[in-house]
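# Per-entry structural report
Here is how the chains run, residue by residue.
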Amino acid sequence: MAQSKPSRNAWFVVLAIVLLCVPLILSIAWGAYLSDAAYRTLQVARDWGAPVYDSQLLTQAPLMVGLMAAAGEYAPKVGLVFSALGWSATAVLVFYSLRAAGRPLAALITPLLLVFNPLVVTTSGTEYSWVLALGWTAVALTVFSWGSAKRAAWLKLVLLILLLGLHFNAATILFALALLAIDVYNGRAGWLPFILVAAASFLWGLIIIPRAGGSPVVDPVLWLQNGARLLANRQLYWLFVPFVLAGVWDVWNSKQPTAISYQPSAINHQAIEGERVAPLQQLFLPLFLWVVAAILARDTFAPVLAAVTAVALAGLGAAWLSRWVLMSGRLEIDQRRAALLVPALVTLPLLLVSLLTLWDFYNTRPLQQAELRDQAANWLLENADPQATLYA
């Protein structure tokens, strides 16, 4: 039995509220501690115009630095809210993209995994969430026909300019030019947007190259070692591995475009006619290439981009496993109830891992450790012998 339209709308309203509120709540609860990248941006914004300031970051992230400079004394709070809203925007865009790709169940699971991910707080105050949101939107506009092709091409040009203004480096330039080249190849746009972005990137790059010596980079080997150490120290992350592999399998075996789509509902998965479905390969291939380019460019954004791509694949994997269980015909419960229960049980371990990691990070964040040290110092001042020697 098909789910009624008011019921579906209620699901979407609840999901929208969750996706908007969760990153904000997590960021506010996390407190004033921001990442090193966020503090560096705040310092550059504060020193903008001074005789000595970090011109490298100013030229690589001019929009973010400008926003923080305009916020003045409220810059830390503005950066926190700005970053949280970026994660909400990314989650909403992932929802619509996967739904348009014929994966309605994954469209519900993946955004929830994103907003409860520890990256929401560990990247708090940076531009990374909006880099993801703009990049994912540009990919979606390349893959899906949302409105006029010409209008979509120019909208994508604006989004890519904003993307480069937030995070300008070799990997982002290659990503932007690749998406514009796809439009040229498919006949959806002429060469003008490609030429504009290429020329602007070249001219801006001439400004950056003389200042490139102080740019922070990520050593790919060190990054892989840190990833292995993370899996070794936090064994619960291994739960994501089979789901990521299932997501890769789903992407690899997704069919070519057909005239069949799926009802965008968590309950009803019946096929409906009349809507073309783009294969998942077209959605994820640009993201995979962006990850590789960011790693090769030793971009500080590379670990975040790779982690978010893995979370998206884990969401696809959870949806694929849920469909496999539902289609196996081995469940002896009502089909409508099973369509709700099975995805919830499959996704629950991933959400629990994210929540436990968030709690662990919260209790061990530097701000919390500083508060504990202050409490210990106050206790020692009150109770220890003034002549005593403290060894720490």
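If you're wondering where the values come from, they're calculated on a predicted model, not measured in any experiment.

### Brief notes about the nonpolar core
If you look at the biggest cluster of nonpolar residues, it comprises 96 residues, and the most contacted ones within it are Leu98, Leu280, Leu283, Phe284, Phe301, Val304 and Leu316. By residue number, the principal contributor to this core is helix α15 (residues 302-327), which donates 12 residues. Setting aside residues up to four positions removed in sequence, Phe301 forms contacts with Tyr128, Val131, Leu132, His167 and Trp290.

### Some remarks on the packing of aromatic side chains
Think of a pair of aromatic rings as described by two things: how far the centres are apart, and how the planes are tilted against each other in angle. A full pass over the atoms with the stated rule returns nine aromatic pairs. Judged by centre distance (5.7 Å) and plane angle (70°), the ring pair of Phe12 and Phe95 falls under edge-to-face. With Phe12 in helix α1 (residues 5-30) and Phe95 in helix α5 (residues 75-100), this pair connects stretches of sequence that are 83 residues apart. Note on Phe12: relative accessible area 24%, which makes it partly exposed. Ring geometry for Phe175 against Trp290: centres 4.0 Å apart, planes inclined by 10°, an arrangement best described as stacked. Pair noted here: Phe175 is in helix α10 (residues 170-185) and Trp290 is in helix α14 (residues 280-296), with a separation of 115 residues, a long-range link. Judged by its relative accessible area of 2%, Trp290 falls in the buried class. By way of ring pairs, the aromatic residues Tyr128, Phe175, Trp290 and Phe301 are connected into one cluster.

Conventions and cut-offs
- Residues numbered from 1 in each chain as written.
- Predicted model: local features only at pLDDT ≥ 70, side-chain atom pairs only at ≥ 80, totals over all residues.
- Heavy atoms only, no water.
- Core = buried A, V, L, I, M, F, W, Y, C linked by side-chain atoms within 4.5 Å.
- Buried < 20%, exposed > 50% of the residue type's maximum accessible area, 1.4 Å probe, protein only.
- Helix = DSSP H or I, 4+ residues; strand = E, 2+ residues; numbered from the N terminus.
- Contact = heavy atoms within 4.5 Å.
- Phe/Tyr/Trp six-rings, centres within 6.5 Å; stacked < 30°, edge-to-face > 60°.

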